[in-house]
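Listed below, chain by chain, are the residues.
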Amino acid sequence: MRLLIKNGRVLDPTLGLDLIADVYIVDGKIEGVEENISASADRIIDAQGLWVLPGLVDIHVHLREPGEEWKEDIESGTRAALHGGVLRVACMPNTKPPVDTAEVCSAIIAKAKEKGYVPVYPIACITKGQAGKELTEFGRLKLAGAVALSDDGKWVQDSEMMRKALLYAKSFDLPIISHPEDQTLSFGGQVNLGKLSAKLGLKGVPFSAETVAVVRDLLLAKETKGKLHLAHLSVKENLPFLRWAKEEGVNFTAETCPHYFHLTEWECDGYNTLAKVNPPLRTEEDVLAIKQAIKEGLIEVIASDHAPHSPLEKDVEFELASPGMIGLEFLLPLSSSLVREGLISPLKLLKLLITNPAKVIGIEPPSLRKGEKAEIVLFDPEEEYLVTEDFIQSKSKNTPFLGKTIKGRIKKVILKDKVYEF
Amino acid sequence: MKHLLDIESLSKEDIEHYLTLADNLKEILYRPIPKVPTLRGKLVLLLFYEPSTRTKFSFERACKILSAEVMSFQTKGSSIEKGETLLDTVKNLKTLGVNLIVIRHNLSGTPHFLARILSVPVVNAGDGTHEHPTQALLDLLTVRQKLGNLSDLKVAIIGDIKHSRVAHSDILAFQKMGSTVYVSGPAHLLPTPAEEKFFCLKSKSFRVCYNLATAIESADVVIALRVQKERHETPLIPSYNEYHLTFGLAPKHLDLIKEGALLMHPGPINWGVELHPELEKYPFQVILDQVENGVAVRMAVLLTLLTGA
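This is a predicted model, so every value here is computed, not measured. (Residues numbered from 1 in each chain as written. Chains lettered and ligands numbered in written order. Predicted model: local features only at pLDDT ≥ 70, side-chain atom pairs only at ≥ 80, totals over all residues.)

Peer 1: Where do I start with helix 1 (residues 74-83) of chain A in this structure?
Peer 2: A turn of α-helix holds 3.6 residues, and therefore any two residues three or four places apart point the same way. Residues and elements named next belong to chain A. Of all the ten residues making up helix 1, eight are buried; the element is thus mostly covered by neighbouring parts of the structure. When helix 1 is considered as a whole, its buried residues turn out to be Ile74, Ser76, Gly77, Thr78, Arg79, Ala80, Ala81 and Leu82. Those residues of helix 1 that are buried lie in contact with strand 6 (56-61), strand 7 (86-91), helix 2 (102-115), strand 8 (120-124), strand 17 (405-415) and strand 18 (418-421). Of the residues flanking the end of helix 1, it is Gly85, one or two places downstream, whose phi is positive at about 75°. (Buried ≥ 20, exposed ≤ 12 C-beta atoms within 10 Å, placed from the backbone. Helix = DSSP H or I, 4+ residues; strand = E, 2+ residues; numbered from the N terminus. Contact = placed C-beta atoms within 7 Å.)

In structure tokens, the structure reads:
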């Protein structure tokens, strides 16, 4: 089987490619990327006007299996990933039971091999039961396939425990992913603290809940020289501290999610539970600051924080609703706005979506390098479309973008010989 | 008007409509047989998920005067204790032929949640730390009756502003009618600068004061609030004694306020905490007038939402 993708804008951050060219695939492997390939093919795909890129790497995904399969499972979650052009998924450990033993970790990998559409890399807990009291078996977890450690939504509140974790993880070259949220400050918080929390009479989450945690973790990373990854940053007050840490050479990376540079707290107005998320959506100023941090290279990873919830968790009183929104299928479309706004180049964007996240968890990303298996996404950065429940392939439909028109659409995904048309 | 969910979404004209209607209806309360057939055949569901004395009985009284049937719901002894969700509870009760739902709930936004889903009018009788719109309407009515108008007054609200849904509704209501609102209380129980921006409807019509005297100086109306212990996850006030000394209203404050200024309280009162017991004798204390006006206001609300009056 020979496949020829003609005249696309070929973008590959693993090779530093950005050119109009053809991609030739023979028997599921990349044979070459060149201008005007004239070799014969069984199928020719016209990619005029499209981006042709290797698949994305999303290192912040909740697949909900084991334990909450009514929201999502490994099969449906990876199908959604495929639909979003995400061809490597690292999943968070807050399952039921949590990924705090090698056994749970192995079970996820086995299930993903059997049912998954794309490879899955488990992130394991830092502490047993995410309780912040006792370290998990980092070594056995790594042997079982864990690529990083995180207590997910439960920030390690005990500073000495976090320091120990950053040090111990060095023995296994595993990154510690922090969800920076000082829960003594965010306790009971529903939305951003500000005009909207006043309007809705809901307890607000102050920016300090995030920045206090960011600063502590940066200090501990500086001291221990451990590898730190800061998940889903949302507030502008982080910026000077991130700059400081870069100057100091702290071994860290920082991440944000598309909703933090697309939406503000006002999305929750009218008690819209679909926009309830942790950390909460913030203000216009924060949105601008997050974009600035991306532009400056302070934030180097964009991840979806795909967090499926069913109507059981969302069609309820606001304060009882679970936080989170799905995002795998919108990661590239929403992130591509950064290019249209002229903030960063397409190649830089794909570094944030492919090479940088792969580096954080120490895996090889998809690539268009000759001899690699084909894992290619064809993306139309200009196509506009309405987000409907039918469009979404995740089991859950919880996104504030539902019913909205977004720009940027994944047209095809090629996995070896197979062409998925969307 | 389809629902009464909050003061925030009401215009000045909407508020005036309710006040005028309440004024007109109040006369019925003094008739030898205070009952009119206007809402005969209508069924009102009182859904109180939180304790209430004044609000609940005043809605019930309003229903009875207007000849509406009342169904009352107590969470204790209901299927809520068996784990039934609010949504299911209300859907089930609605099939019994309910024409209007009055809800009090400990979670902010619950009336809005019901209003979005149900086709019957919903009245907010207090939701979490959000709003208590009928309380604000009866406060406005009381002030209008006593002082003759609602514009250009200085209204001081004292206490735990942050957790008080009454304060939130009053702050917006008095400003909408053209008055200025000053709030004071322990600094950590006052709106933050970012929150202040929401409460200030127009330049200088809202002010947060860290000093009690600044807030009440030359005030036309002083509203004291109850310290809402039950909404504090951890104790926020070191002691009631200190609270009374620093933020409690006492006879010494009467020299600061305008002569004839009204003293109000939404109840229930903790005498000796937010109010010195001596103040019960203050001649312009209108706390029981507020309660009486509560019935008239709720009659106006029921009538408006059920008949389009």
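The rest of the description comes next.
Peer 1: Looking at this model, I keep getting lost on the domain arrangement of chain A. Mind explaining?
Peer 2: Much of the literature gives interface size as the accessible area that the parts lose upon coming together. Residue and element names in this part refer to chain A. Taken domain by domain, chain A consists of domain 1 (2-52 + 370-421) and domain 2 (55-360). Its C-alpha centre places domain 1 at a distance of 26 Å from the equivalent point of domain 2. Listed by partner, the interface residues are 26 residues for domain 1 and 39 residues for domain 2. At the level of secondary structure, the elements contributing two or more residues to the side of domain 1 that touches domain 2 comprise strand 16 (375-386) and strand 17. Ranked by the residues each element gives to the side of domain 1 that touches domain 2, the list is headed by strand 17, at six residues. Across the side of domain 1 that touches domain 2, the residue classes tally to 14 nonpolar, seven polar and five charged. (Domains from an automatic or database assignment. Nonpolar A, V, L, I, M, F, W, Y, C, P; charged D, E, K, R; others polar.)

Peer 1: Whenever I open this one, the nonpolar core confuses me. Can you help?
Peer 2: Nonpolar side chains in soluble globular proteins tend to end up buried together. Of all hydrophobic cores here, the largest spans 217 residues; its most connected members are Val52 and Leu149 of chain A together with Val102, Ile157, Val222, Met299 and Leu302 of chain B. No other element matches the nine residues that helix 10 (residues 287-307) of chain B contributes to this core. Filtering out sequence-adjacent residues up to four positions away, Ile157 of chain B remains in contact with Ala167, Asp170, Ile171, Val181, Val183, Ile223 and Leu225 of chain B. (Core = buried A, V, L, I, M, F, W, Y, C linked by C-beta atoms within 7 Å.)

Peer 1: Quick question: what am I supposed to make of the sheet that holds strand 5 (residues 154-158) of chain B here?
Peer 2: Sheet strands pair by backbone hydrogen bonding; their relative direction is either parallel or antiparallel. Residue and element names in this part refer to chain B. The strand order across the open sheet built from five strands is 7-6-5-8-9, with neighbouring strands paired in parallel fashion. Strand pairing shows two members of the sheet lacking a second neighbour, strand 7 (206-209) and strand 9 (262-264), which therefore form its edges. Averaged over neighbouring strand pairs, the angle between their axes works out to 20° when direction is ignored. (Pairing = 2+ DSSP bridges. Axes fitted to C-alpha atoms, helices over the stretch in contact; angles between N-to-C directions.)

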